Amino acid sequence: MNTRILLITHAPLAQALRDCALHVFADSADDVLTIDVGADESPDDTLARARALLGTSGSPVLVLTDVFGATPCNVAQRLVAGRAAQLVAGVNLPMLLRAVSYRHETLDAVAARAVVGGIQGVMAVAAAPLQNQNFRSFHDQDHHHHQQ
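The rules behind the values
Residues numbered from 1 in each chain as written. Predicted model: local features only at pLDDT ≥ 70, side-chain atom pairs only at ≥ 80, totals over all residues. Heavy atoms only, no water. Phe/Tyr/Trp six-rings, centres within 6.5 Å; stacked < 30°, edge-to-face > 60°. Lys NZ or Arg CZ within 6 Å of the ring centre and 35° of its normal. Core = buried A, V, L, I, M, F, W, Y, C linked by side-chain atoms within 4.5 Å. Buried < 20%, exposed > 50% of the residue type's maximum accessible area, 1.4 Å probe, protein only. Helix = DSSP H or I, 4+ residues; strand = E, 2+ residues; numbered from the N terminus. Contact = heavy atoms within 4.5 Å. Polar contact = N/O pair within 3.5 Å; in protein donor to acceptor, adjacent residues only side chain to side chain. Pairing = 2+ DSSP bridges. Right-handed = clockwise from strand over helix to strand, strands pointing away.

J.: Got a minute to help me understand the packing of aromatic side chains in this structure?
T.: In this description, an aromatic ring pair is defined by two values, namely the gap between the centres and the angle between the planes. Under the counting rule described, the total for this entry stands at 0 aromatic pairs. It is Arg113 that lies over the ring of Tyr102; its NZ or CZ is 3.8 Å from the centre.

J.: What's the story with the nonpolar core in this structure? I'm lost.
T.: Core analysis: the biggest nonpolar cluster contains 18 residues, and Leu7, Leu62, Leu64 and Leu96 have the highest contact counts within it. Counting residues per element, the ones that place at least two in this core are strand S1 (4–10), helix H1 (13–24), strand S3 (61–65), helix H4 (93–101) and helix H5 (107–120). Setting aside anything within four residues of it in sequence, one finds Leu7 in contact with Ala14, Leu17, Arg18, Val32, Leu33, Thr34, Ile35, Leu64, Val91 and Leu96. In terms of nonpolar packing, the next biggest core, distinct from the first, is built from 15 residues, Leu6, Ile35, Val63 and Val75 among them.

J.: I tried to follow the side chain of Asp66 on my own but got confused; where do I start?
T.: Checked against the element boundaries, Asp66 lands in the loop between S3 and helix H3 (71–80). Polar side-chain contacts of Asp66 include one of 2.7 Å to the side chain of His10. Residues contacting Asp66, with those up to four places away along its chain left out, are Ile8, Thr9, His10, Leu13, Pro72, Ala89, Gly90 and Val91.

J.: It is not clear to me how the pairing of S1 should be interpreted in this structure. Could you clarify?
T.: Along any regular strand the residues' side chains alternate between the sheet's two faces. Of all 7 residues in S1, 6 are buried; the element is thus mostly enclosed. Across 5 bridges, the pairing between S1 and S3 is parallel. Among the inter-strand pairings, Ile5 is bridged to a residue of S3, identified as Leu62. Here S1 runs beside strand S2 (residues 32–37); their pairing, made up of 6 bridges, is parallel. Following the sheet pairing, Leu7 is matched in S2 by Thr34. Each parallel crossover has a hand, and for S1 linked through H1 to S2 it is right-handed.

Quick look at the structure:
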């Protein structure tokens, strides 16, 4: 049984992340669910939508949310209570892709892999200097310019 993944985020992030994941893992559509929380939606309404979406299935669920302490995360905390579920805040695309690719593993393993994927997916990347480019400006007077 696959671990289902539920994204509960500020709108429109959940659906956007799902769309990206399905671009890579088209076969995961049934396992990746979304709830985009609108600015005016009450937490109780969001919780009711989430419960209805998950239904009474006993399938394990990894819930991914965007910001710890914000409404989507607070709702998710209430949702996972008493379920075969885990919650991870700080979702990013590398985290979701890692979770989807290992969704056939146990809930604990999927959650751990998601966290590692999210962490490893964040890195400072320096701009690389252009190499082997012969740029000349319009006013370049040296018509015999060669790279060194």
